[in-house]
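Notes for the structure review
Next come the chains, spelled out residue by residue.
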Amino acid sequence: MKNPLNRRLPRELKTEFVKYIIIFLFLTIFISIVSGFLVADNSMYTTYNQSFKKYNIENGNFVSGIELDNKKIKEIEEKNNIKIYNLYYRDLKENSDKAKYRIFSKRDDVNKECIMSGKLPENKNEIAIDRMFSDNTGIVKGDKIRFGDNELIVSGLIALPDYSCLFESNSDMIFDATHFSVAIMTEDGFNSIDKGNPVYSYAYEYDKEPRNDMNEKKISDDLLENLKKDVILTSFTPRLENKAITFSGDDLGKDKIMFLIFSYIVILIIAFVFAVTTSNTIIKEAGTIGTLRASGYTKMELVRHYMILPIIVTLVAGIIGNILGYTYFEKKMAGLYYGSYSLTKYEVLLNTEAFIATTLVPIILMFLINFIVLYAKLRISPIKFIRRDLTTFKRKKAINLSTLIPFLHRFRIRIIVQNISSYIVLFIGIVFASILVVFGTMFSPLLDDYANDISNSMFSNYQYVLKYPVEVKNSDVEKYSVTMLTSTQKDFISDDITIYGIEKNSKYINLKIPKGKVYLSSGIMKKYSLNKGDTIKLREKYENKYYKFTIAGEYKYDAVMSVFMNKEDFNKRFDKPVGYFNGYFSNKKIDNLDKNLIATIITKDDLTKLSTQLKVSMGNFMDVLKWFGIVMFLLLMFLLSKQIIEKNTQSIAMVKILGFTNIEIARLYIIATTIVVILSLLVAIPVVDIIMYKLFTEVIYKTIAGYIPLQVSQKVYINMVIMGIVSYLAVSIIQLIKIYKVPKNVALKNIE
């Protein structure tokens, strides 16, 4: 026999349609966004790792000052157990002088091209350019590019696996995909585009793949020493140190923690929403529940009945959300990565973690919360349900309020006191929504502040890192030593730490460093919670060699995570000869230094490019958080203010009978909620500030490399409050209409 209660489901859905459609849309959007990101992130990370084999990515490359003949190449291959491939290129600037193109001829054996759109060049007047460069500059298939007297037609867009990140030079601190592009031409086109000699670049592959990074580092060091004997080397870059290959791979997968934090916050909010809506359902259906219980229906039968609609809504939202996540939003989220890196095509892969985090957890949460709330409430006797008395404790007397307080103010205070549980939930919801809004709006000003801090704390206008010591005659320069180590802090991701050996009485770094001790940059001290007198342990990146340093103090420098020591201590600690150096500080450009001897030049522009690139790569992601936070403001304020109005329907009808106008009643109930909303937004500021600090120190700093000081500007909190108030104003208009629709005869119902 069919359950007669099921006939009530369509009527209940119609009555609570607005509530269920809002919950459905909220869940669908949440599941779509998070599922789409996790699926795209996992798919692209997996595809990146598989690309090494698919596109036969090199183990490294070197550039020779002269062209190597076949005999010499064969000799080097046999001596070092490697296979060498010709990857000559030409660096040419287009006539407009806006961008530099690194042009290769077609590749057949190593670092194979991935055609993103269009086709590879077939004629010598055709060229295929990088897809990301195309996106940034607007140059598309069919456009023409001029190099001198040569006019080339763009035949297609490509991604080169050895340039997944467009670093022009491995010494660059950050890549530039707006003014630099790789490109492919036919062999005839490559030979005719320029009369000069190309850059004699060669890729190599080991006959036997290294076991791990440490093994690869040792093999590449041995290869370098051997090549120096046979080749006029101008550069040597093993794959594990090639930022054009590894930078994007190191970043892929790291944004996942941000989205998981986002999903956990949202799941907590969903839990509050479910608890509130379920409790509200019981209040509204109290008379019906009492009648059904008195008619013989058991508690479990009613629990099952009132759980059907929420579970169905959640299931449908889960299905549609996953469909959207694997289709529309997956492409949108992949676009976040394609907006930062020149990645190859990827295949969409199923992601179990995404299904659990975005679908299974909300469904289980919906089931458990509804079950617990319903089961607890249904312990009340049927007669109390019929009387609409759902309290489980002895009713207290009303709070005595001074008659000196105006009547309308006393009325509003009683509204707040009577609905205190709903307002507490509203406050908690506002805090969580505020976290998302702050997260979404803080990064642009934070990165601006970071760029200013970098500019203000730079040692010198120019910082040169040399391949080996070379003297220059310049009164402005100051020698220093530098090397790189890796952090070993427990529970933190490994960081690259720059070790500086500086002159005593340095004119660029004002430090008095005790012998045998070091100063740490402020970023290291704050990230790892270190203090003066502590010891920090670092290691060689590709070797099991460790160093311990005693901390003498902190040096204000946020650009790079750094350790500062006396140059004599540096040379002794790292087994360098007396007087060794490999860098210069200078406030003026050094003109009499051979560029082939320079490993890196660091300027203010190089350091601030990092914050600019972070803005570009994270901007869309932060917008997602901001708008989701606004949606959350609207959802929570609507559901909870709706509940307060519905809970007080009888009181509203009564005051209408007493002669109050709709506007006066709205001023009583809506202003009461307005006061709570504004106070909640103001109280949320210090609460969110504390939560953000904990979130950064306990989670984010442990899962990302480097350090960006947490600075949430006042403007961000002002925007948060404004967004919250504007969201509430939109909701209050809807509730005002609801008050208008409350009939007076409701006051005569359910009265004993």
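The present account deals with the structure reproduced in this document. (Residues numbered from 1 in each chain as written. Predicted model: local features only at pLDDT ≥ 70, side-chain atom pairs only at ≥ 80, totals over all residues. Heavy atoms only, no water.)

1. With respect to the overall build of the protein
As a reminder, the rule being used: Numbering goes from the N terminus for both helices and strands, where a helix is a DSSP run of H or I of at least four residues and a strand is a run of E of at least two. A simple rule labels every residue: compare its accessible area, found with a 1.4 Å probe on the protein chains alone, to the largest value its type can have, and call it buried under 20%, exposed over 50%, or partly exposed in between. Here, two residues are considered to be in contact whenever any of their heavy atoms come within 4.5 Å of each other.
Across its full length, the protein carries 21 helices and 20 strands. Principal axes of the C-alpha set define a box for the protein whose edges measure 105 × 65 × 45 Å. The buried share of the protein, reckoned over its 752 residues, is 52%. A separation threshold of at least 6 residues defines the contact pool for the protein, and within that pool the share at least 24 residues apart is 82%.

2. With respect to a nonpolar patch on the surface
For the record, the criterion: A residue counts toward a patch only above 30% relative accessible area and without a salt bridge, and it is joined to like-charged neighbours within 9 Å or, for Val, Leu, Ile, Met, Phe, Trp and Tyr, to nonpolar neighbours within 5 Å. Note that accessible areas follow from Shrake-Rupley with a 1.4 Å probe, and for residues the cover is restricted to the protein chains shown. When a carboxyl oxygen of Asp or Glu lies within 4 Å of a side-chain nitrogen of Lys or Arg, that pair is called a salt bridge.
Among the surface-exposed residues, Ile312, Val316, Ile319, Ile320, Ile323, Leu324 and Tyr328 lie close enough to one another that they form a single nonpolar patch of about 600 Å² accessible area. At six residues, the largest contribution of residues to the nonpolar patch is made by helix H10 (residues 299-326). Topologically, Leu324 is positioned in helix H10.

3. Some thoughts on the sheet that holds strand E1 (residues 60-64)
Hydrogen bonds along the backbone pair up the strands of a sheet, which may run parallel or antiparallel. So the rule is basically this: Any two strands are treated as partners once DSSP identifies two or more bridges connecting them. Axis lines are fitted to C-alpha atoms, over the contacting stretch for helices. Their N-to-C directions set the angle, which ranges from 0 to 180 degrees.
The strand order across the open sheet formed by four strands is E2-E10-E1-E11, and the pairing between neighbours is antiparallel. The open sheet has two edge strands, strand E2 (82-86) and strand E11 (233-238), and neither has a second partner. Neighbour to neighbour, the strand axes of the sheet diverge by 20° on average, direction disregarded. Relative to strand E10 (residues 200-206), E1 runs antiparallel, the two sharing five bridges. Its bridge partner being in E10, Phe62 is matched across the sheet by Tyr202. Here helix H3 (residues 70-80) sits on the sheet and contacts E2 and E10; the angle it forms with E2, its principal contact strand, is near 150°. Against the sheet, helix H6 (residues 213-230) touches E1, E2, E10 and E11, its axis set at about 165° to E11.

4. A short note on unusual backbone geometry
In this structure, Asn56 is a non-glycine residue whose phi angle is positive, near 50°. Structurally, Asn56 can be placed in the loop between helix H2 (17-54) and E1. In this structure Asn56 comes out as partly exposed when scored by relative accessible area, which is 21%. Of note, Asn111 is a non-glycine position whose phi angle comes to about 50°, a positive value. As for its placement among the helices and strands, Asn111 is situated in the loop between strand E4 (100-105) and strand E5 (114-118). The exposure class of Asn111 is buried, given its relative accessible area of 0%.

5. What to know about the pairing of strand E13 (residues 478-487)
With seven of ten residues buried, E13 is to be regarded as a mostly interior element. Summarising the sheet, E13 and strand E19 (residues 583-586) pair through three bridges and their orientation is antiparallel. In the sheet register, Lys479 faces E19, and the bridge partner there is Tyr584. With seven bridges connecting them, E13 and strand E14 (residues 496-502) associate as antiparallel partners. Pairing of Ser481 across the sheet is with Gly501, part of E14. Where E13 meets strand E16 (residues 535-539), two bridges bridge the pair, whose relative direction is antiparallel. From the neighbouring strand, Thr486 faces E16, where its bridge partner is Arg539.

6. Observations regarding the packing of aromatic side chains
To keep things clear, this is the line we draw: Classification of ring pairs uses Phe, Tyr and Trp, with its six-membered ring standing for Trp, and accepts pairs whose centres are within 6.5 Å; under 30 degrees between planes counts as stacked, over 60 as edge-to-face, and the remaining range as tilted. Throughout this description, the term charge over a ring refers to an Arg CZ or Lys NZ atom that lies within 6 Å of the ring centre and within 35 degrees of the ring normal.
Tallying each qualifying case throughout the model produces 40 aromatic pairs. Geometrically, the ring pair formed by Tyr480 and Phe585 is stacked, given 4.1 Å between the ring centres and 15° between the ring planes. Here Phe585 lies in strand E19 and Tyr480 lies in strand E13, a separation of 105 residues in the sequence. Each member of the pair, Tyr480 as well as Phe585, is classed as buried. An angle of 35° between the planes, with centres 6.3 Å apart, marks the rings of Tyr500 and Phe585 as tilted. Of this pair, Tyr500 sits in strand E14 while Phe585 sits in strand E19, and the two are 85 residues apart along the sequence. The pair Tyr500 / Phe585 is uniform in exposure class, with both members buried. In textbook terms, an aromatic cluster arises when at least three aromatic residues are bridged by ring pairs, as seen for Phe459, Tyr480, Tyr500, Tyr508, Tyr555, Tyr557, Phe564 and Phe585. A cation over an aromatic ring shows up here: Lys537 above the ring of Tyr546, its NZ or CZ 4.8 Å from the ring centre.

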